[in-house]
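# Summary of the model geometry
Listed below, chain by chain, are the residues.
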Amino acid sequence: MRYNDANTYFKLRFGHKMYKAAISLDVTCPNRDGSKGIGGCAFCSAGGSGEFASDKKESVTKQIDEAVEKLSSKVPADTGYIAYFQSFTGTYCSPSYLRESLEEAASHPLVEALALATRPDCLPPEILEVLKDISSKIPLMVELGLQTSNDETAQSFQRGYKTSEYIEAVRNLREAGCEVITHIIFGLPGEDKKDMLSSVQTAIDAGTNGVKFTCLYILKGTRYQKLWEDGKIDVMGREEYFDIVESALELLPPDMVVHRITGDGPKSLLLAPMWTADKRSVVNYINRRFS
């Protein structure tokens, strides 16, 4: 089945392919510093989902330059870049630091858009004001980690906020002129197909512009590692996972952008499911099934 994929969307919007230059801010997360918890969500690695990003100690400009250099041999000359603030919670900082960082990225000659990963409970009015100002100057995508709309599931992995806060955050971000992308995980412990598709429907009803789907990974050093090793939680097989993805895609409005239908965790940390480690095989499977 066909869907509104990000590559097509970016080509239509910007006139060419867009690649993400993954960079890091000097931030943490309220689930790590004791504000709401310690150690992060049960599935989250020590790198805060930013293993592919640059060193946060370097300037934003240098991080972008390094990311572009890494990609230069793989991408065509007529390429645009999205400065992607990927690690941890991108708005869990002072408004002045966020503004300075976003403005520095926006001023880079190769950057045509910004993307910022954060949490719905880290968007106070003063931060929203910064995002509103930046989004008036350059396209700004804000990625929210919903993962599930089931608050009981969310509590079990220590998400730290209610789904109602996510819904409010989408509304506030849309009003600020930002494009919202929602992360959803399929295969969380205790959830069935109905729960997973309910999460997708919640994101649709909230007004998200796009979605990112992934299966649950078991990564070294996470709290889920011990539960998985003890046989208390399991992961999805490839066919099972993409059956859910196909059902989810059928729910989406035609104009909703699908930024990812699966991801790949860092191989150095990945314990399961191992079918995700063979990226070429997964891509070929996706092309056969969804083209």
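Below is a short write-up of the structure. Every value quoted in this text rests on a predicted model; they were computed, and no experiment measured them.

### Section: the side chain of K212
Inspection of the secondary structure puts K212 in strand β6 (residues 210–215). Residue classification places K212 among the buried positions, given a relative accessible area of 6%. Of the polar contacts made by the side chain of K212, one reaches the side chain of Y84; its length is 3.5 Å. For K212, the contacting residues outside a window of four places in its chain are K20, Y84, E143, I181, T182, H183, I184, H259 and R260.

### Remarks on unusual backbone geometry
Of the consecutive residues A272 and P273, the connecting peptide bond is found in the cis state with omega at -5°. Take P273: it is sitting in the loop between β9 (270–272) and α10 (279–290). Even without glycine at this site, Q147 takes up a positive phi of about 70°. Its place among the elements puts Q147 in strand β4 (residues 140–147). Take Q147: its relative accessible area is 12%, and that puts it in the buried class.

### Some remarks on the packing of aromatic side chains
Throughout the structure, instances matching the rule amount to 11 aromatic pairs. Centroid distance Y3 to F290: 6.3 Å. Interplanar angle 80°. Geometry classified as edge-to-face. With a gap of 287 residues between them, Y3 in the segment before α1 (6–14) and F290 in helix α10 connect regions that are remote in the sequence. Overall, the relative accessible area of 24% leaves Y3 in the partly exposed class. An angle of 50° between the planes, with centres 6.1 Å apart, marks the rings of F186 and Y241 as tilted. Here Y241 lies in helix α9 (residues 238–251) and F186 lies in strand β5 (residues 179–186), a separation of 55 residues in the sequence. Taken as a pair, F186 and Y241 share a single burial class, namely buried. Feature note: the residues Y3, F186, F213, Y241, F242, W275, Y285 and F290 constitute an aromatic cluster, connected by ring pairs. When the ring centre of Y161 is taken as origin, the NZ or CZ atom of R159, which lies over that ring, is 4.3 Å away.

### Thoughts on the sheet that holds β6
Two modes of strand pairing occur in sheets, parallel and antiparallel, and in both the strands are linked by backbone hydrogen bonds. What the seven strands build is an open sheet, ordered β1-β2-β3-β4-β5-β6-β8; its pairing is parallel. The open sheet terminates on both sides in strands that have one partner only, identified here as β1 (18–23) and β8 (257–260). Adjacent strand axes in the sheet meet at a mean angle of 25° when their direction is disregarded. Examined bridge by bridge, β6 and β8 share three bridges and lie parallel to one another. Within the sheet, the bridge partner assigned to G210 lies in β8 and is V257. The strands touched by helix α6 (residues 163–175) within the sheet are β4 and β5, with β4 carrying the most contacts at an inclination of about 170°. Set on the sheet, α9 makes contact with β5, β6 and β8; between it and β6 the angle comes to about 165°.

Rules of the game
- Residues numbered from 1 in each chain as written.
- Predicted model: local features only at pLDDT ≥ 70, side-chain atom pairs only at ≥ 80, totals over all residues.
- Heavy atoms only, no water.
- Helix = DSSP H or I, 4+ residues; strand = E, 2+ residues; numbered from the N terminus.
- Buried < 20%, exposed > 50% of the residue type's maximum accessible area, 1.4 Å probe, protein only.
- Polar contact = N/O pair within 3.5 Å; in protein donor to acceptor, adjacent residues only side chain to side chain.
- Contact = heavy atoms within 4.5 Å.
- Phe/Tyr/Trp six-rings, centres within 6.5 Å; stacked < 30°, edge-to-face > 60°.
- Lys NZ or Arg CZ within 6 Å of the ring centre and 35° of its normal.
- Pairing = 2+ DSSP bridges.
- Axes fitted to C-alpha atoms, helices over the stretch in contact; angles between N-to-C directions.

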